[in-house]
Amino acid sequence: MAAQPRIGVVGATGAVGTVTLGLLAERGYEHVRAFASARSAGSRLPYGDDELTVEEASESALGAGDVDLFLFSVGTSASRALVPVASAAGAICVDKSSAYRLADGYPLVVPEVNGGRALESLARDRIVANPNCCTIPLTCVLKPLHEEAGLTRVRVSTYQSVSGAGAQRMSALAEEPQSDHDVLMDWSWEGDESDEESKLRAETRKILELPDLPISATCVRVPVMVGHSEAVWVELERPLSPADATELLRDAPGLRVLEIPEFPTSGAAAGRDDVLVGRIRPDRAVEHGLALFLSCDNLRKGAALNAIQIAELLLDGVAARV
Ligand SMILES: NC(=O)c1ccc[n+]([C@@H]2O[C@H](COP(=O)([O-])OP(=O)(O)OC[C@H]3O[C@@H](n4cnc5c(N)ncnc54)[C@H](OP(=O)(O)O)[C@@H]3O)[C@@H](O)[C@H]2O)c1
């Protein structure tokens, strides 16, 4: 592999792809190519002080073997078609769709929580899945609480921004009269749950390696452009005071704890890398319960940044093997 990896961003014109390009440029990566659908081929995207010409993400382009790492942020069906082609050509693939997240044998990784799992992919097909944008901040908070006091039950209610549904929905919100703004549940339904709610449960269980953890979610879209927030209630095996939980989360990687009169908001999280956590207090409805609130930039730590952090673990892992 070249000293500087050759990186392909697939879905570069999208909400996550444009943030991915910004983060790669900030980190000084020089050999970056932008891919999207045939619709966008030939268009130009900013990259640092420069520009990239968007290429069509065809099977022949992705299978050419001249890219070390692909960061995919296309839909699930496009990922199912394109990721295997890129992987067969020898590239590391970090995929942000649902295609591989719950599939057996594919690591689903939040570097602060289970980063070591990413390296397992190097002995296989080098494909790693990036979790859902609500799962990532939730597991960053749950992991230290579980290690200290044992999780027995989790309930979560989300307040998810419109950018979580992609670039077209962001434009639609910008153009929509304020009087039309509403809270929505705009996911697919699986019986009485949305697929977002069942994803949040299944992905959290997989990442924490707690396959039977009782977890129930209500996912809600709110008319906010960027930044997902979550109200979280945890029940624990052992008592943990809010003060001790605050100290624990203060020391945990990737988190920034806020104390009253400060509290997390989607607006405050937008544009930041860390997950904001606050309102840490007893859950007065249960024994050994805590309630808290978190906010996270869904396009950065909820998607693009987490994927780049996974990729950097893998690139270091490859370098260590050489
Ligand atoms: N938004 C978030 O907060 C978030 C968080 C975590 C994960 N994700 C996941 O990331 C993926 C992208 O999300 P997004 O919000 O960035 O969506 P988006 O704004 O709609 O962007 C989709 C991107 O995929 C490209 N694309 C679509 N079909 C393609 C195809 N057949 N071949 C190649 N490229 C294709 C589009 O290219 P054109 O512009 O040419 O159409 C565009 O660049 C989804 O799987 C989503 O679930 C999103």
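Everything below is about the structure shown above.
Residues numbered from 1 in each chain as written. Predicted model: local features only at pLDDT ≥ 70, side-chain atom pairs only at ≥ 80, totals over all residues. Heavy atoms only, no water.

1. Remarks on the pattern of salt bridges
Move 1: With the rule as written, the count across this model stands at 22 salt bridges.
Move 2: Where Glu-147 meets Lys-143, a salt bridge forms, and the shortest distance between an N and an O atom there is 3.4 Å. Placement of both Glu-147 and Lys-143 in helix 6 (residues 135-149) is noted, with a separation of 4 residues, approximately one turn of the helix.
Move 3: With relative accessibility at 56%, the residue Glu-147 sits in the exposed group.
Move 4: Relative accessible area serves as the criterion here: at 23%, Lys-143 is assigned to the partly exposed category.
Move 5: With its nearest N and O atoms 3.0 Å apart, the salt bridge here joins Arg-155 to Glu-235. Of the two residues, Arg-155 sits in strand 9 (residues 151-159) while Glu-235 sits in strand 13 (residues 228-236), which places them 80 residues apart along the sequence.
Move 6: Accessibility expressed as a relative area gives 35% for Arg-155, which makes it partly exposed.
Move 7: Given the relative accessible area of 15%, Glu-235 is considered buried.
Move 8: The structure contains a network of salt bridges with shared partners spanning Arg-33, Glu-55 and Asp-66. (Salt bridge = Lys/Arg side-chain N within 4 Å of Asp/Glu carboxyl O. Helix = DSSP H or I, 4+ residues; strand = E, 2+ residues; numbered from the N terminus. Buried < 20%, exposed > 50% of the residue type's maximum accessible area, 1.4 Å probe, protein only.)

2. Things to note about the packing of helix 6 against helix 9 (residues 242-251)
Move 1: Between helix 6 and helix 9, the least distance of the axes is 10 Å, while the angle of their chain directions is 125 degrees. Overall, the two elements helix 6 and helix 9 adopt an arrangement that is oblique. Note that helix 6 runs across helix 9; the crossing there is right-handed. Across the interface between the two elements, Val-141, Pro-144, Leu-145 and Glu-148 from helix 6 touch Ala-245, Leu-248 and Leu-249 from helix 9.
Move 2: Broken down by class, the residue content of the contact of helix 6 with helix 9 amounts to 6 nonpolar, no polar and 1 charged. (Axes fitted to C-alpha atoms, helices over the stretch in contact; angles between N-to-C directions. Parallel < 35°, antiparallel > 145°, perpendicular 65-115°, else oblique. Left-handed = near helix turned anticlockwise from the far one by under 90°. Contact = heavy atoms within 4.5 Å. Nonpolar A, V, L, I, M, F, W, Y, C, P; charged D, E, K, R; others polar.)

3. Topic: unusual backbone geometry
Move 1: Pro-261 follows Ile-260 through a cis peptide bond whose omega is 20 degrees.
Move 2: By the secondary structure assignment, Pro-261 is in the loop between strand 14 (255-257) and helix 10 (266-269).
Move 3: A positive phi angle is found at Arg-126, which is not glycine, with a value near 65 degrees.
Move 4: Positive phi outside glycine occurs at Arg-279, with the angle close to 55 degrees.
Move 5: Take Arg-279: it is sitting in strand 15 (residues 275-282).
Move 6: Note on Arg-279: relative accessible area 36%, which makes it partly exposed.

4. Examining the sheet that holds strand 13
The strands that make up a sheet pair up through hydrogen bonds in the backbone, lying either parallel or antiparallel.
Move 1: Spatially, the 6 strands line up as an open sheet ordered 12-9-13-16-15-14, and their pairing is mixed. Edge strands, defined here as strands with exactly one partner in the open sheet, are strand 12 (215-218) and strand 14. Each strand of the sheet is rotated relative to its neighbour by a mean of 25 degrees, with strand direction disregarded.
Move 2: As paired strands, strand 13 and strand 16 (residues 289-296) are joined by 8 bridges and run antiparallel to one another. (Pairing = 2+ DSSP bridges.)

5. Quick word on the nonpolar core
A general tendency of soluble globular proteins is for nonpolar side chains to be buried together.
Move 1: Ranked by internal contacts, the top residues of the largest apolar core, which has 57 residues, are Leu-62, Phe-70, Phe-72, Leu-151, Val-232, Val-234 and Leu-249.
Move 2: For this core, the leading source of residues is helix 6, giving 7 residues.
Move 3: Every residue in contact with Phe-70, bar those within four places of it in the chain, is listed here: Gly-8, Val-10, Phe-35, Leu-62, Ala-86, Ala-91, Ile-92, Cys-93 and Val-94.
Move 4: Grouped together as the second largest cluster of nonpolar side chains are 37 residues, Tyr-29, Leu-45, Val-109 and Val-318 included. (Core = buried A, V, L, I, M, F, W, Y, C linked by side-chain atoms within 4.5 Å.)

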